[in-house]
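For reference, the chains in residue letters:
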Amino acid sequence: MELLVDISLNSTVRTEQFLSLLCSKVQQNFGSLHLCCRGLRIHRMSALKSILQFLDLGCIEHLEMDQANLREVVTLLARVIHLNSLTLCNIPFKSYKRRNFRSFLLWLGQLDNLQELSLTFFCLTDQLHTLLRVVPPQLDTLYLPFCSLSNRDVTVLSQSSQATHLRVLSLSNNQIFSEVYEPFQTLLEKVSSTLQHLEINNCMITDSTLSAVLPALSHCTHLRVLSFAFNPITMPVLKSLLQHLTSLMKLKYVIYPVPVHCYEEWNFHESLDRQKLAEVQAQLEAVLHGAQRDDMTWATCSK
């Protein structure tokens, strides 16, 4: 008998009780009960290693690890041969030149079925090229928030084989617009025929940057979700953006930044003028109605 389960290892009492019961059943039925885990989430692996001996890691398709060290990640990657989704968060490592990082790239390159890769708080400054050269070219989902990406990294991404396949892309919380916007503009041009979901929250996008990349963004005809909250944008540029994006008929949901005039001090929550924000929302809804795009929702992250 094959038992299909998704498991989240999080050290809670309830989880430990469930896993204890599960492991005892596997032991009692050794040889006749196959425990197949398709989705595995591990929070602080060092405290949860014992359960892994009961799992057929070759079954795992979705792996998520939080607060593990890179050596533990490498050890597990060597055993998950059919992985198509990998999420790593808060994985510290000391050097790109150390053995553990090289081993990580080696085993990452063995995941031929990988389609989704998410790295959060995984410092990749000027090193994205080392990652992209080992992941499959057909990768279609890439999340890189809080990865300290540079303009060079965005340039590398725009020139990569993955750029023409990406459906989902998150570059949030990286200061990629601190110098120039051209690398991102080129990237938008490359992903325009496939991109469906784009997140560029808190990237220090200014009015001039947004206006410059707007033509390329307008060519992303398959875009369904756009999120660019927590960027210092003014109301005139926000309205201009809306007017341009109403032509993207597949775009249904936009998360936009609260315009700077709504704050006494920009992006300081306590200084937000709710009345001004309500007026902004009313103006945007009027534009949407006039463009006959009542099917498109514009919302903020102000709450």
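Residues numbered from 1 in each chain as written. Predicted model: local features only at pLDDT ≥ 70, side-chain atom pairs only at ≥ 80, totals over all residues. Heavy atoms only, no water.

Asker: Looking at this structure, how should I read the packing of aromatic side chains?
Answerer: Think of a pair of aromatic rings as described by two things: how far the centres are apart, and how the planes are tilted against each other in angle. Tallied over the full model, the rule gives seven aromatic pairs. Seen in terms of ring centroids, Phe-93 and Phe-101 are 5.1 Å apart; in terms of plane orientation they differ by 25 degrees. Their pairing is stacked. Residue classification places Phe-93 among the partly exposed positions, given a relative accessible area of 21%. Assessed through its relative accessible area of 2%, Phe-101 is described here as buried. An aromatic cluster is defined as three or more aromatic residues linked by ring pairs; in this entry it consists of Phe-93, Phe-101, Phe-104 and Phe-122. (Phe/Tyr/Trp six-rings, centres within 6.5 Å; stacked < 30°, edge-to-face > 60°. Buried < 20%, exposed > 50% of the residue type's maximum accessible area, 1.4 Å probe, protein only.)

Asker: What is the right way to read the pattern of salt bridges from this model?
Answerer: For the coordinates displayed, the defined rule picks out four salt bridges. Measuring nitrogen to oxygen at the nearest pair gives 2.4 Å for the salt bridge that ties Lys-252 to Asp-295. Within this pair, whereas Lys-252 is found in the loop between helix 8 (235-245) and strand 10 (253-255), its partner Asp-295 is found in the loop between helix 9 (274-290) and strand 11 (297-299), the two being separated by 43 residues in sequence. Residue Lys-252 is classed as partly exposed on the basis of its relative accessible area of 38%. (Salt bridge = Lys/Arg side-chain N within 4 Å of Asp/Glu carboxyl O. Helix = DSSP H or I, 4+ residues; strand = E, 2+ residues; numbered from the N terminus.)

Asker: Would you mind showing me how to read the pairing of strand 5 (residues 116-120) here?
Answerer: Here is the key point about a regular strand: its side chains alternate between the two faces of the sheet. Burial runs high along strand 5: four of the five residues are buried. Alignment of strand 4 (residues 85-89) against strand 5, held across five bridges, turns out to be parallel. Each residue of the ladder has a partner; that of Leu-86, found in strand 5, is Leu-117. At this point the chain moves from strand 4, through helix 3 (residues 99-108), to the parallel strand 5, and the crossover so formed is right-handed. (Pairing = 2+ DSSP bridges. Right-handed = clockwise from strand over helix to strand, strands pointing away.)

Asker: Whenever I open this one, the nonpolar core confuses me. Can you help?
Answerer: One broad rule of soluble globular proteins: the nonpolar side chains tend to lie buried together. Judged by nonpolar contacts, the single largest core of 93 residues is most densely connected at Phe-104, Phe-184 and Trp-298. Examining the composition of this core, we find that six residues originate from one element, helix 8, more than from any other. Beyond its immediate sequence surroundings of up to four residues, Trp-298 is in contact with Leu-238, Leu-241, Leu-242, Leu-245, Val-254, Tyr-256, Gln-281, Leu-284 and Leu-288. (Core = buried A, V, L, I, M, F, W, Y, C linked by side-chain atoms within 4.5 Å. Contact = heavy atoms within 4.5 Å.)

Asker: Got a minute to help me understand the environment of Thr-120 in this structure?
Answerer: Relative to the helices and strands, Thr-120 is located in strand 5. When its relative accessible area of 16% is taken as the criterion, Thr-120 is described as buried. Separated by 28 residues in the primary sequence, Thr-120 and Ser-148 have C-alpha atoms spaced 9.9 Å apart. The residues touching Thr-120, leaving out its near neighbours within four places in the chain, are Leu-88, Cys-89, Asn-90, Pro-145 and Phe-146.

Asker: Explain helix 3 to me, please; I cannot follow it from the model alone.
Answerer: Working note: α-helix, 3.6 residues per turn, so residues spaced by three or four point in the same direction. When helix 3 is considered as a whole, its buried residues turn out to be Phe-101, Phe-104, Leu-105 and Leu-108. Buried residues of helix 3 fall within an arc of 95 degrees about the axis and therefore sit on the same side. (Arc of directions from axis to C-beta.)

Asker: Is there a simple way to think about the side chain of Gln-162 in this case?
Answerer: On the secondary structure map, Gln-162 appears in the loop between helix 5 (151-158) and strand 7 (168-170). At 3.5 Å, the side chain of Gln-162 and the backbone oxygen of Pro-136 are in polar contact. Look past the residues within four positions of Gln-162 in its chain and what remains in contact with it is Leu-132, Val-135, Pro-136, Pro-137 and Leu-139. (Polar contact = N/O pair within 3.5 Å; in protein donor to acceptor, adjacent residues only side chain to side chain.)

Asker: Looking at this structure, I do not really get the packing of helix 8 against helix 9. What am I missing?
Answerer: Look at helix 8 against helix 9: their axes get within 10 Å of each other, and the N-to-C directions meet at 25 degrees. Considering their axes alone, helix 8 and helix 9 lie roughly parallel with respect to each other. Pair helix 8 / helix 9 crosses with right-handed handedness. Contacts between helix 8 and helix 9 involve Met-235, Leu-238, Lys-239, Leu-242 and Gln-243 from the first element and Val-280, Gln-283, Leu-284, Val-287 and Leu-288 from the second. Grouping the constituent residues of the contact of helix 8 with helix 9 by class yields seven nonpolar, two polar and one charged. (Axes fitted to C-alpha atoms, helices over the stretch in contact; angles between N-to-C directions. Parallel < 35°, antiparallel > 145°, perpendicular 65-115°, else oblique. Left-handed = near helix turned anticlockwise from the far one by under 90°. Nonpolar A, V, L, I, M, F, W, Y, C, P; charged D, E, K, R; others polar.)

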